[in-house]
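A look at the structure
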Amino acid sequence: MDEVLLIQECLKGKRKAQGELYRRYAAKMMGVCMRYSRNRDMAHDLLQEGFIKVFTNLNEYSGNGSFEGSIRDYTPFQQARRRWY
């Protein structure tokens, strides 16, 4: 499923699409969280918080720029990066 259709299906509340979106980006975002957190448990918490924000605010995605970049902009992922610097 292409990214635009996947986002549209997520916005309709389709659990299968939401699971696919999570699977598509979770590993990359976990990498971000692991780089900037103290341990795996903290990274996992940041990942979960981040995806809650992603799904809660998905309707705000304008389609400008990469979706992966937009995911990285959600607060928990930003917090993970800020802890490092």
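So, on to the overall build of the protein chain. Secondary structure summary: the protein chain contains five helices and zero strands in total. Put simply, the protein chain runs from its N terminus to its C terminus through helices and strands in the order α-α-α-α-α. Buried residues in the protein chain amount to 38% of all 85 residues. Sequence-distant contacts, at least 24 apart, represent 54% of the contacts inside the protein chain between residues at least 6 apart. Of the roughly 5,500 Å² of accessible surface on the protein chain, a fraction of 48% belongs to carbon and sulfur atoms.

On to the pattern of salt bridges. In the structure shown here, the tally under the stated rule is five salt bridges. A salt bridge links Lys12 to Glu9; the shortest N-O distance between them is 3.3 Å. The salt bridge partner of Glu68 is Lys28, with a shortest N-O separation of 3.2 Å. Of the two residues, Glu68 sits in helix α4 (residues 67–72) while Lys28 sits in helix α2 (residues 15–36), which places them 40 residues apart along the sequence. Each of Glu20, Arg23 and Arg24 takes part in a single network of salt bridges with overlapping partners.

It is worth spelling out helix α3 (residues 40–56) at this point. In this model, α3 (17 residues) spans 24 Å end to end at C-alpha, consistent with the 24 Å of a helix rising 1.5 Å per residue. For α3, the full list of buried residues reads Ala43, Leu46, Leu47, Gly50, Phe51 and Val54. Down the axis of α3, the buried side of the element spans an arc of 130 degrees, and every buried residue falls inside it. Turned more than 90 degrees from where α3 packs its buried face, Asp41, Ile52 and Thr56 sit exposed. A distance of 3.0 Å separates the backbone nitrogen of Asp41 from a side-chain oxygen at the start of α3, and that oxygen is part of Asn39.

Before going further, it helps to examine the nonpolar core. In this structure, Leu21, Tyr25, Leu47, Phe51, Val54, Phe67 and Ile71 are the most contacted members of the largest nonpolar core, which totals 20 residues. Looking at this core, the elements with two or more residues in it are α1 (3–11), α2, α3 and α4. Per element, the largest residue contribution to this core is seven residues, and it comes from α2.

Now for the packing of aromatic side chains. A full pass over the atoms with the stated rule returns four aromatic pairs. An angle of 40 degrees between the planes, with centres 6.2 Å apart, marks the rings of Phe51 and Phe55 as tilted. Separated by four residues within a single helix, Phe51 and Phe55 lie in helix α3, roughly one turn from each other. On the accessibility criterion, Phe51 (2% relative accessible area) is buried. Judged by relative accessible area, which is 28%, Phe55 ranks as partly exposed.

About the criteria used
- Residues numbered from 1 in each chain as written.
- Predicted model: local features only at pLDDT ≥ 70, side-chain atom pairs only at ≥ 80, totals over all residues.
- Heavy atoms only, no water.
- Helix = DSSP H or I, 4+ residues; strand = E, 2+ residues; numbered from the N terminus.
- Buried < 20%, exposed > 50% of the residue type's maximum accessible area, 1.4 Å probe, protein only.
- Contact = heavy atoms within 4.5 Å.
- Areas by Shrake-Rupley, 256 points an atom, 1.4 Å probe, with all protein chains shown as cover.
- Salt bridge = Lys/Arg side-chain N within 4 Å of Asp/Glu carboxyl O.
- Expected span 1.5 Å × (residues − 1).
- Arc of directions from axis to C-beta.
- Polar contact = N/O pair within 3.5 Å; in protein donor to acceptor, adjacent residues only side chain to side chain.
- Core = buried A, V, L, I, M, F, W, Y, C linked by side-chain atoms within 4.5 Å.
- Phe/Tyr/Trp six-rings, centres within 6.5 Å; stacked < 30°, edge-to-face > 60°.

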